[in-house]
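These are the residues of each chain, in order.
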Amino acid sequence: MKNRILSLIEKQRAFFETDTTKDVAFRKENLTKLKSAVKRYEQQLLDALQRDLHKSETEAYMTEIAFIYEEIRFVLKNLDSWTKPQKVKTPVSHLGSKSYLYREPYGVTLIIAPWNYPVQLQFSPLIGAISGGHTALLKPSEYTPTVSRWISELIQETFPSEYIALVEGGVEESQALLNERFDYIFFTGSVAVGKEVMKAAANYLTPLTLELGGKSPCIVDQDANIELAAKRIAWGKFTNAGQTCIAPDYVIVHEQIREEFVQQLKAVVKEFYGETPLNSEKFGKIVSKRHFTRLLAFLQDGDIEFGGQYEEVENCISPTLLENITWEDSVMKEEIFGPILPLLSFTKFEDLKNHLDKAPNPLALYYFSEDEKKQEKIINSFSFGGGCINDTVMHVANTHLPFGGVGESGMGKYHGKGSFDAFTHEKGILKQTTKFDLPVRYPSFKNSLKYV
Ligand code: NAD
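Only a predicted model underlies this, so the values are computations on that prediction, with no experimental measurement involved. (Residues numbered from 1 in each chain as written. Predicted model: local features only at pLDDT ≥ 70, side-chain atom pairs only at ≥ 80, totals over all residues.)

Notes on the overall build of the chain
Just so we agree on the cut-off: A run of H or I in DSSP counts as a helix once it spans at least four residues, and a run of E counts as a strand once it spans at least two, with each numbered from the N terminus. Computation of the radius of gyration draws on C-alpha atoms, with the globule rule given as 2.2 Å multiplied by the number of residues to the power 0.38. Note on burial: count the other C-beta atoms lying within 10 Å of the residue's C-beta; 20 or more is buried, 12 or fewer is exposed, in between is partly exposed, and C-beta positions come from the backbone. Two residues qualify as being in contact provided that their C-beta atoms, derived from the backbone, are within 7 Å of each other.
For the chain, the helix and strand inventory stands at 14 helices and 18 strands. For a compact globule of 452 residues, the expected C-alpha radius of gyration is about 22 Å, and the chain comes in at 25 Å, within 12% of that figure. If you line up the chain on its principal axes, its C-alpha atoms span 85 × 60 × 35 Å. Residues counted as buried form 43% of the 452 residues belonging to the chain. In the chain, once contacts between residues fewer than 6 apart in sequence are set aside, the share between residues at least 24 apart is 67%.

Dropping the structure here:
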């Protein structure tokens with residue numbers, strides 16, 4: 001394995017050094033190739049997502065495939081202008097010169113993906129790598145083997161390996177890759193593994209993006225539109241059986257509307273997935289027995305308000321609401337990443353602060369309220385990667401919003417222009433005139449400036 005990895009990296013570095021990948025026409029041509037390849041493999045990828053995660057075709061298309069098409073469309077439209085040197089101001093003390101920002105690629109990139117959106121989270125950073133002018137080595141997750149197989153075939157059929165290649169496998173393969181020198185690393189996954197990736201990157205001072213996870217809170221205030229809040233929270237939480245990095249991890253609802261919110265949530269879950277969600281075509285499964293067993297333990301915490309059923313053959317757990325939960329419960333000690341929603345409550349801002357301080361810097365935060373002043377207060381009082389007012393998850397699907405975490409939930413941003421920025425170094429260049437020369441900076445200047 002080590003030899004194969006080394007040979008791929010060497011070949012990619014040699015190819016990068018030919019400067020072929022820097023050519024903007026080449027980048028656009030390969031983005032178009034990637035789009036056609038995903039189109040060609042669309043049905044295989046949708047079937048694979050059904051098999052590995054029980055994603056319905058509509059959900060898989062919306063959250064994985066369409067996302068890629070939109071990102072590529074947006075980049076193709078803007079790449080010419082992003083890659084042009086950008087003129088910036090020059091102070092009068094630099095008389096005669098002009099200043100520019102140039103964008104340069106780093107070189108050979110490594111993109112490690114998780115299993116929860118295995119198509120989107122492998123290809124979306126790849127779009128950034130191609131548009132920035134790099135070569136790329138991809139490492140999909142071992143937990144979605146059918147998707148991994150098809151992505152591998154798609155990549156091999158579409159790109160020469162000295163440009164874009166893929167290494168299938170799990171921890172061992174990932175560590176073997178991280179032992180080698182890359183010029184940029186883009187990692188999406190858990191906080192614990194993110195720390196390992198950062199340590200490995202430090203060996204070569206390799207710049208990196210870390211897209212990690214965390215406990216994303218969802219707050220429903222007393223003046224919220226409760227019916228809409230319940231619908232949008234249920235969708236954000238239970239899509240992909242809760243295995244979404246920005247899914248609401250827990251809900252903090254205002255005490256006065258608690259009962260009504262619970263009733264609405266119960267009704268909407270029934271509307272979405274029927275009386276028996278475990279049999280619903282629209283409801284996902286847990287990715288592996290290991291993840292399933294970890295989640296089952298959380299059902300011992302607090303009281304089950306609804307849900308709590310599970311099915312061991314397919315690793316399914318029904319949408320579940322837990323009441324009477326405290327921060328001492330195991331479900332509040334780690335990111336849930338499953339269809340289990342703990343409900344906490346508050347009456348005043350200080351209560352909210354006490355809750356949020358227990359798991360600071362989440363990847364996302366959601367706030368439901370009709371009051372714009374309160375919305376601003378929430379946005380400005382807490383540190384979090386990004387989020388929505390009166391919705392969940394949707395911010396991720398706007399190419400104009402850079403997406404990423406802060407603190408424990410990660411570092412760096414991507415999507416749209418953000419991906420191009422992540423995958424390029426901004427080089428500041430001053431172009432000086434030779435038509436004249438101001439002598440004041442030279443030691444030989446007789447009347448050199450004196451500072452008083
Ligand atoms: P993970 O960290 O276990 O694995 C991610 C990738 O790292 C996989 O390809 C895996 O093979 C590899 N890996 C695992 N252990 C490794 C090790 N010790 N050394 C090197 N590589 C290793 O994460 P996961 O379980 O696949 O995904 C779930 C996590 O990812 C959740 O925490 C979720 O919040 C987070 N996530 C974040 C985002 C985001 O955009 N911020 C998106 C999706 C998922």
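Details of the sheet that holds strand β5 (residues 164-166)
Operational definition: For two strands to be treated as a pair, DSSP must find no fewer than two bridges joining them.
Taken in spatial order, the six strands of this open sheet run β5-β4-β3-β6-β7-β17, and their pairing is mixed. Edge positions in the open sheet fall to β5 and β17 (410-411), since each of these has one partner strand only. Relative to strand β4 (residues 135-139), strand β3 (residues 108-112) runs parallel, the two being bridged by five bridges. From the neighbouring strand, I112 faces β4, where its bridge partner is K139.

Quick notes on the UniProt feature "domain: Aldehyde dehydrogenase" (unreviewed entry) in the chain
For clarity, the threshold we go by: UniProt positions are given in the numbering used here, feature names are shortened, and annotations may be inferred rather than shown by experiment.
Within this numbering scheme, the UniProt entry marks residues 12-427 as carrying the feature "domain: Aldehyde dehydrogenase" (unreviewed entry). Along residues 12-427 the backbone is 42% helical and 18% strand, and the end-to-end C-alpha distance reaches 23 Å.

With respect to the sheet that holds strand β9 (residues 250-254)
For the record, the criterion: In this analysis an axis means a line fitted to C-alpha atoms, helices contributing only their contacting stretch, and an angle means the value between N-to-C directions, from 0 to 180 degrees.
Pairing is mixed in the open sheet, where seven strands are placed in the order β10-β13-β14-β9-β8-β15-β16. This sheet does not close on itself; its edge strands, each paired only once, are β10 (303-306) and β16 (386-389). Neighbour-to-neighbour, the strand axes of this sheet turn through a mean angle of 25°, independent of strand direction. In this sheet, β9 lies alongside strand β8 (residues 217-220) in parallel orientation, the contact comprising four bridges. Within β9, the position partnered with V220 by the bridge is V253. Against the sheet, helix α12 (residues 349-357) makes contact with β8, β9 and β14 (340-346), and its axis sits at roughly 145° relative to β14, the strand it touches most.

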